[in-house]
Every structure is written in structure tokens, then in C-alpha cells.
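The primary structure of each chain is shown beneath.
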Amino acid sequence: MRSVRMILSAVLVLGAAIAQEITTPEKYFGFQLGADKKMARWDKIVEYYGVLEKQSGGRMKVINMGPTSEGNPFLMVIITSPANFAKLERLRQVNLRISDPRGLTDAQAHALTDEGKAVVVQSMSMHATEIGGTQMAPELAFDLLARKDEEARRILDNVIFIEVPCFNPDGEIMVTDWYNKQLGTPYEGTNPPWLYQKYAGHDNNRDAFQTNIPDSQYMAKILFTDWRPEAYVDHHGMGANGARIFLPPYAEPIRPFADPILWRELSWYGAHMAYKEEEADLSGAINDAVYSGWGHFGFHWITPFHNIAGMLTESAAARLATPLFVHADELRGNTRNLPVYEPETIFPNPWPGGWWHLRDIVDRQKVSAWATLDLAARNRETVLWNAYLKGKRQTERGAAGKPAAYLISTLQHDPLTSIKLINKLLVQGIEIQRASKTFSTPGGMTYPQGSFVVSLAQPKMGLIRYLLGRTFFPDNEWTRNRDGSPIAPYDMATDTMFEYMGVRVDPVDELGEVALEKLTGPVEAAGKVTRGTSGYSMDGRLNDSFRALNLLFDKGVAVRRVDKPSAGLRPGDFLVAAGSEAVLETVAKQTGVDFTPLRAAVSTGVHDMKRQRVAMYQRFGGGNIDEGWSRLTLEQFNFPYKSIFDPEIKAGNLIDKYDVLVIPSDSTQTITGEAATATAGAAGRGGRGGRGAAAPAAAPAATQAGRGAGGEGGGGGRGGNTPPEYRTGLGTEGVNAIRDFIEKGGTLVTLNTATAFPVDRLGIGVRNVLAGKTTKEFWCPGSTLRVTFDNTNPLGYGMPSHGLALYLSSPAFEITAPSAENYDIVVRYEDRDLLESGWLVGEENLARKAAVVVAKLGQGRVVLIGFPAQHRAQTHGTYKLLFNALVK
């Protein structure tokens, strides 16, 4: 007993010595994190984590996952006890085995839960103007290392905590620098006038299921494959004049197909967070409100279908680091489960109003973050056992339910895109098998060797069901107002990956005997060059043929395009002469595209291609998210382009420098600058109730594209005006310059809501038949609809005759011009049964209407692509409509 006491005394002495050595955040940064008008910059935060790691006594490890889009480090910080670190890989494997319990007995599972530790991941400030999380994170890490009380020790002993101190390092640097530059000016506390992620801006959380940007790829690796935690919390910010912090659970409606335990866990964690907020005398916490359980498949909404208790906190905004005064009369509810700003069971302690500081945000977020760790530590065995039960029961549900599996044949309209789908599913940690022989289903369908099988009898059954199965958003009392008008879902009514990507996926209720091999890594698309003397063709149905085209242009290789079918060639196929085989071999390897030998030389029904000079309109006003995603899409397929701003357009003579001008989805008022004053004012305050508030049903996609300015959650608070040099809008000069550009032979490409610009300002003779419809008459939020494609039109080359388009606040056209011969309709909505997935009310308003129109104007043309053909770099199935508009 005496030796035990001596050892314990020595440990406590050592612990005290370590605590004395740990540098406080206040000492390192020179101010308390969350102090008024102070923001710690990401480079200094990274340095501080290096200091903590050295001083941690083996309780912290900092891992640089890799560079962000702009080359900054993306950190994963692991904090746990030295004993856990000594066997960290074993504990990771134990956790992975618990999360996928196929083949385990209950006894074996009990042994693993006895051995394992609860894994908790928390990420901060994905939206860079929601600065509280990243300012809080170093203090949370410090507390875990410096505190020596029983609660802190219990967390270190029982939890492996993975902290992502900043989910958007590029944006954190940008916002910090902008804030410091504007301090003391009339623009103090405003948000930056551009996107705070190079491509995604505020949409970076919408990237969880397609993982296009590096930040998403790193987080997916942590959450979906490498660790598979029991709990995940994503810390955000919201509008300034409602509750002070939203905590789990979500409000109604929820998505089905998650394990019921999962939804109970969210209530469990949320109740503990709220309890701790009250214990700390921090008012204004609300649960079960504002944010519904059916949202887009962003990180905190997709994780429940990974059997992870995926949660969200949202704190009310200040003016970045500048305090904001909120009068009591400004505080209001008017959102889900908080109709008025008064006490209720989920909101017993309303904040009374007054000055609201960044430190108020830091305090509340730190309490919620600590409470999550505390609950997991106190209930380690229960948390782990429930992780086992969720995986086991979801697997059983998948095995017993219908469909039994989804089959993805190698026979696809665009097989290379189907491979991309497979690889994106693998990033999600979904198990996929491949047929080693040709097989037939009991229903009589035959699938070639190499076809893919995704069984539902696996732990991520619910996730598979939403990514690969038709999805219908609920239409019930939770999604309608008392007058019967629809309530807007949070963002999208569906995120069905295969529909977005244009890949055929077949549900089967019975599979039969099939020889299958499990995929152990990404599928490589190996293009080949089969030698021929008459030249080569590339399949125009492949998106990646456009990438190959651009790579060939880079190397100076001449390319022709087929306009009339002949000798097995289709309109839209690409032709390359013999003699450049070395280049073709390289391009085939890079892209996966095959170069097929021509049977004979082709001299008719083709035209020589010339690389077009492409410009894309970029504006300020918080940036245009659709523009950012458009840039990324073009870069992924090696399209060269130049971003141009208002001054260059207003200067005129565009035809001397460009052949094509792209205007991404936006409103006419924003493009022309008529909305500049309103935009500047709205950019500061933030949404009235945060993201869960029911938005106006007819809100255009352009409004959604500008959410980074604060409307969705923003975090910028009240912000004042935009500095003059960042005010945006083409004005009359710009409109006239664009008209001149088109009339002299240029092509204007407008996407989704931006199609109203040439109609409103250039006199294009079409009308939007949906304009003025009430939400009771027509309603279709973020849904996939059935359309027909004219693939004999150059804009439709390579498209199937029938397919899907994503509808999102989109127009639908009727031609009104007297010279109708100058108008081509390339895409129409089907006659009936338009809805594939999502929610559609009043399909008769859309049936048979035009979705994509090409109009002649002078010597040039205007392309109206009336839906988001390149939405978030996700809708591969309609990319070719944009790509065809960029080539000639």
C-alpha cells in the first residue's frame, strides 16, 4: 500500500510539473481567445498546437493531413492518455471492428467494448465567418491537458478525442486578415467580399458525400474509414437575433433508415450539453428546434447514416470579433419549435438581449464540446455497445429488407463516370463487391464480368439506401404550414448520388449465386490506344473525353468532331489523326479514355475543332458559390478559362479576347448591380433564425449562392456597407458590352437562375412559365426530374435521349419570340411523372416545358441552361450540356 501511495504521489507531482509547463493560450497569443476585436490567425494557431504537443507529456499528437486548396495545413489533433497512445493502433482497430460487427458474437463484442475507448471527433468553423469554433479550439485542447480534476482525467482515460481545430483553414486566414484590415473603419465586422473557400465558399459542408475539395477528403478519411467515431460534433454559427446556441437533437422531420438508437443518442448528448450550459449559467440554449433532421448530406447530417451520432451546434453571431448589441425587441423565434421568443421546455432560459461578444460564443461552444466528451467518458461502455448494436441491427435490416442489393453494370452510357461513382462510395467506407464472372439475376437481367454489387446487408445500409435509391421527401404536417403551403427543406430534398451522376443503378430484391470479390481500393480506369492507320475516335458520351480533348489541345494535337452518324460513329464523337500515338498513350492513361481505331478515314459529316477562349464572370458581394463550383468543375476537366470582373466587362471589346462568357447562377439584380445596396446591408446581420428557418419557397438559387454573406448562419452579425472597391454589378455599360460581344459572334452561357439576365436585359424571346406561381401551385426544392435531350443538337451531343436533371429554383421556358427559327430547344421536361427523387407539387406547370434553349443573337448565340447542370461539381450526368457550350 505504501509503494502504491508513493507511485501515486510521484504521478501527481509529475502531473503538476507538466501543468506548469503548458503555455496558456492567453500567454501565447497575447490575449484571451474570444476577446473583443481580437482573432487568432491560423498560422499562429498551428504553431500553438505544436507547442502544446511538445508540452503535453504524451497526451497529444498533431497530424498534418495535407494541404488545403490554397496550400495551408489541415490539422487532425488527437488527445488522450499516454496509456491509450501506447496502444493507439490497437484501439483504432478495436473501434473499427465494433463499427462493423459482421461475424462477431455478442460475447466477442462485449470483450471489444470492454477493451475499447470511445472515439469522439469535433470540428470547428467550417464556415469561416463563424469564427467562434476555431477561436475556442486551442482553449479546449489546453484545458484537456492542463486540468487535473477527475472529470478531465476520466475523459483522457476513456475517450480518444480527435479535434479538427479548423475545418476551413483557407477561410480562417482570409476572414482574420479581412477583419484586421477593416478594424476602425466603417466596414469593421463585415464579411469578406469573396468566397471563403476557393471553390465551395459556404457550400463546403455540402461536399460530404461527393468530397470534391481537399478539406472534405481529409474529414471523410477521419470519419468514414480510418476512425469511424461514436460521436461527431460540427460547431457552427447562425443568425444574431434568436437563441444563443442551438444544441441537439434536430427538429422534425427526420430521415428514415437510421437506427433508432442514433436518434436517441442525439437527444442524450444534447440534453447533457444543455444541462452543462445551464450549470455554467449560460443562457439562450435551445434543443430540438430550428434545424430539421432531414437536411442536405453535409457532414453532421450524413454521419447518422454512418451510425455515428452526428451533431451540430450553432451559436448566435456577433460582428465577427466586434461586439453586437441586440435589443430585446429584436429577439424573436419564428422558426421550427420556437414560434415566439419565450420560455418553453426546450428553451427554458432565454437570453434577455444586450451586448453579444465573441467570448460569449467561445464560452458556449466550449461547454458543449466539453459536455460531449464528458458524456462519452462517463458512459464509455454504453457508447461502444450501442455502436455495436447500430452496426449489427442495420446489417440485419439490410439483409431482411428490400432491395437486397444495388447492381451497377459495366454497361453504362458513361462507364468512366460510373467508376467515379464507385470510388466516391468507397470514400464513404461502403463495402462494394465486383463480379468475377458474368451473371444473371433471378429476374432475368444479365450483368457482365466486372459489374459491381452493393449489398444492403452491411452497417451503412441507411447511407447506401439514400445514395443509391430513389428518395422522396416527406409531404406531411411537419413540412406544411397551417395554410397548406410547403415549408422549405434545409437545402435539398434529395442527394441521390447516382441520379446526379447519370449512372444506372438497379435495385434487386434477390441476387442469387454470384461469384464476387470485395474491392480493396479505388478502381483504376485504364484507357488504351488500339493502333490503327486511319486515325482514332473518342466516345463523345464520356465526360472524360472532354478532359482528353483539352489535354490534346495542350499538346497541339488537332481534333475533329462528328456531326452526322456514320461507320459506327455518333454525333459528338471526337476524331484524332494517326501520328500522335505517344501523346494519345499518355492522355489515355491520364483520363481512362480509349482511343479506338477508325475503320476508314472520315471526311464528311465532321468539323475541325478550335479551342475556345473561355471567360467566367466573377463578382464580389460575398462571392457567388455557383461560380466557385463552376471553376472547380472546369479545372477537373482541364478547361482553361479566365475569371473576369465588372471593370473588364464594362471596358468592352470582349470579342477580341474571348469566345465564350459564362455567367453562373445568380439573379439579374445582382448581376447588374441593382441589388448592391440590399446585398451590402444583408451581408452583415445574418439569418433571422439560422439555417432551419423556413425560407421563402420561391427563393432563387442565386440567394442560396450568396449565403456565405451571413444569411444561412454566416457569423458576421450586423456589418454595415461594402467598401467601394468591392461593390459589384455590370450596370448599363456591362450589359451593352455583353450584347456587343454576342452580336459580334460570341457565346453567352447562362446557368440556372442567371438565364433571367439575357431574357430581362438582352431581349431574348422566352418567358419563364413558373414566374409568379405560388408555392401551393408549384413547389420543387432540390429534386431530380425526368427530361428528354435532343442529342442531335451540338449542345446535346453525347447525351442520352432520356435522363435526369436537378431542379433547384429553376426556370422553365416557353418561346415567345416571333422569329422562333432562331431558337433551339435542347432539353425538355417529360410529359408526365416527372419526379424521380425529392419533392414536386404541381408538375403540370413544368410538363413539356423547355429546360435548355439556344438563341441566336446577331452573329453569336445565347445558351440558357435552365437548371444547375454542374451543381456543386456533383451533377456529372448533365456536365456535357455545359462542356458542349464551351467547345466548337
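Above: the structure in question.
Residues numbered from 1 in each chain as written. Predicted model: local features only at pLDDT ≥ 70, side-chain atom pairs only at ≥ 80, totals over all residues. Heavy atoms only, no water.

Trainee: Explain the overall build of the protein chain to me, please; I cannot follow it from the model alone.
Mentor: On a plain count of helices and strands, the protein chain comes out with 27 helices and 36 strands. Rg of the C-alpha trace for the protein chain: 28 Å, near the compact-globule value of 29 Å for 888 residues, within the 12% margin. Going through the 888 residues of the protein chain one by one, you find that 64% of them count as buried. If you take every contact in the protein chain between residues at least 6 apart in sequence, the share linking residues at least 24 apart comes to 81%. A total accessible area of about 31,500 Å² is found for the protein chain, and carbon and sulfur atoms account for 51% of it. Looking at charge distribution, the protein chain has the averaged site of its 94 positive side-chain charges lying 3 Å from that of its 97 negative ones. (Helix = DSSP H or I, 4+ residues; strand = E, 2+ residues; numbered from the N terminus. Rg over C-alpha atoms; globule rule 2.2 N^0.38 Å. Buried < 20%, exposed > 50% of the residue type's maximum accessible area, 1.4 Å probe, protein only. Contact = heavy atoms within 4.5 Å. Areas by Shrake-Rupley, 256 points an atom, 1.4 Å probe, with all protein chains shown as cover. Lys, Arg positive; Asp, Glu negative; His and termini not counted. Charge placed at Lys NZ, Arg CZ, Asp CG, Glu CD.)

Trainee: Sorry if this is basic, but what is going on with the packing of aromatic side chains here?
Mentor: Aromatic rings in a pair are described by how distant their centres are and how their planes are angled relative to each other. Tallied over the full model, the rule gives 41 aromatic pairs. Here the aromatic rings of Y28 and F29 are separated by 5.3 Å at their centres, their planes lie at 85°, and the arrangement is edge-to-face. Assessed through its relative accessible area of 24%, Y28 is described here as partly exposed. Given a relative accessible area of 12%, F29 falls into the buried group. Ring plane angle 25° and centroid distance 6.3 Å describe the contact between F246 and Y250, whose orientation is recorded as stacked. Take F246: its relative accessible area is 0%, and that puts it in the buried class. The rings of F257, W294, F297, F305, Y466, F473, W779 and W839 are connected pair by pair, giving a single aromatic cluster. Across from the ring centre of W356, 4.6 Å away, lies the NZ or CZ of R244, which sits over that ring. Above the ring of Y466, the side-chain terminus of R255 is found at 4.7 Å from the ring centroid. (Phe/Tyr/Trp six-rings, centres within 6.5 Å; stacked < 30°, edge-to-face > 60°. Lys NZ or Arg CZ within 6 Å of the ring centre and 35° of its normal.)

Trainee: I keep staring at the pairing of strand β21 (residues 559-562) and nothing clicks. Help me out?
Mentor: Each regular strand carries side chains that alternate between the two faces of the sheet. Sheet topology places β21 next to strand β22 (residues 574-576); three bridges connect them, and they run antiparallel. If you follow R560 over to β22, its bridge partner there is L575. When β21 meets strand β24 (residues 606-608), the two strands line up antiparallel, connected through three bridges. Bridging from a neighbouring strand, V562 pairs with V606 of β24. (Pairing = 2+ DSSP bridges.)

Trainee: Hey, could you run me through the layout of surface pockets in this one?
Mentor: If you roll a probe as big as a water molecule over the atoms, it shows you where there is empty space left. Approximately 1,100 Å³ is the volume attributed to the second largest pocket. Along the walls of the second largest pocket sit 46 residues, with N423, K424, L426, V427 and P522 positioned nearest its centre. When residues of the lining of the second largest pocket are traced back to their parent elements, those giving at least two are α15 (415-427), α18 (543-554) and α19 (581-591). When residues in the lining of the second largest pocket are grouped by element, the largest group, seven residues, is from α15. A breakdown of the residues in the lining of the second largest pocket according to their chemical character gives 16 nonpolar, 17 polar and 13 charged. (1 Å grid on protein atoms, 1.4 Å probe; cavity = no way out; pocket = protein on both sides within 12 Å on 5 of 7 lines; lining within 4 Å. Points joined across faces, edges and corners; volume = space filled by probe spheres on them. Nonpolar A, V, L, I, M, F, W, Y, C, P; charged D, E, K, R; others polar.)

Trainee: Would you explain α19 in this entry?
Mentor: Residues three or four positions apart in an α-helix share a direction because the helix packs 3.6 residues into each turn. When α19 is considered as a whole, its buried residues turn out to be E581, L584, V587, A588 and T591. On an axial view of α19, the arc spanned by its buried residues comes to 120°, and they lie on one face. Summarising the geometry of α19, the exposed residues directed more than 90 degrees from the buried face are A582 and K589. Lining the buried residues of α19 we find α15, β20 (536-538), α18 and β22. Looking one or two residues beyond α19, the residue adopting positive phi is G592, at roughly 85°. (Arc of directions from axis to C-beta.)

Trainee: Looking at this structure, I do not really get the nonpolar core. What am I missing?
Mentor: Generally speaking, nonpolar side chains in soluble globular proteins are found buried as a group. With 227 residues, the main nonpolar core has L421, L468, F595 and Y829 as its most contacted residues. Tallying contributions element by element places helix α13 (residues 358-378) first for this core, with ten residues. Membership of the second largest hydrophobic core comes to 31 residues, among which are L762, V853, V862 and L864. (Core = buried A, V, L, I, M, F, W, Y, C linked by side-chain atoms within 4.5 Å.)

Trainee: Where do I start with the pairing of strand β10 (residues 309-316) in this structure?
Mentor: Among the eight residues of β10, eight are classified as buried, and the element is accordingly described as predominantly covered. Residues A309, M311, T313 and S315 line one face of β10 and the alternating positions G310, L312, E314 and A316 line the opposite face, and both faces are buried. Taken together, the eight bridges between strand β5 (residues 231-238) and β10 define a ladder with parallel strand orientation. Each residue of the ladder has a partner; that of H236, found in β10, is E314.

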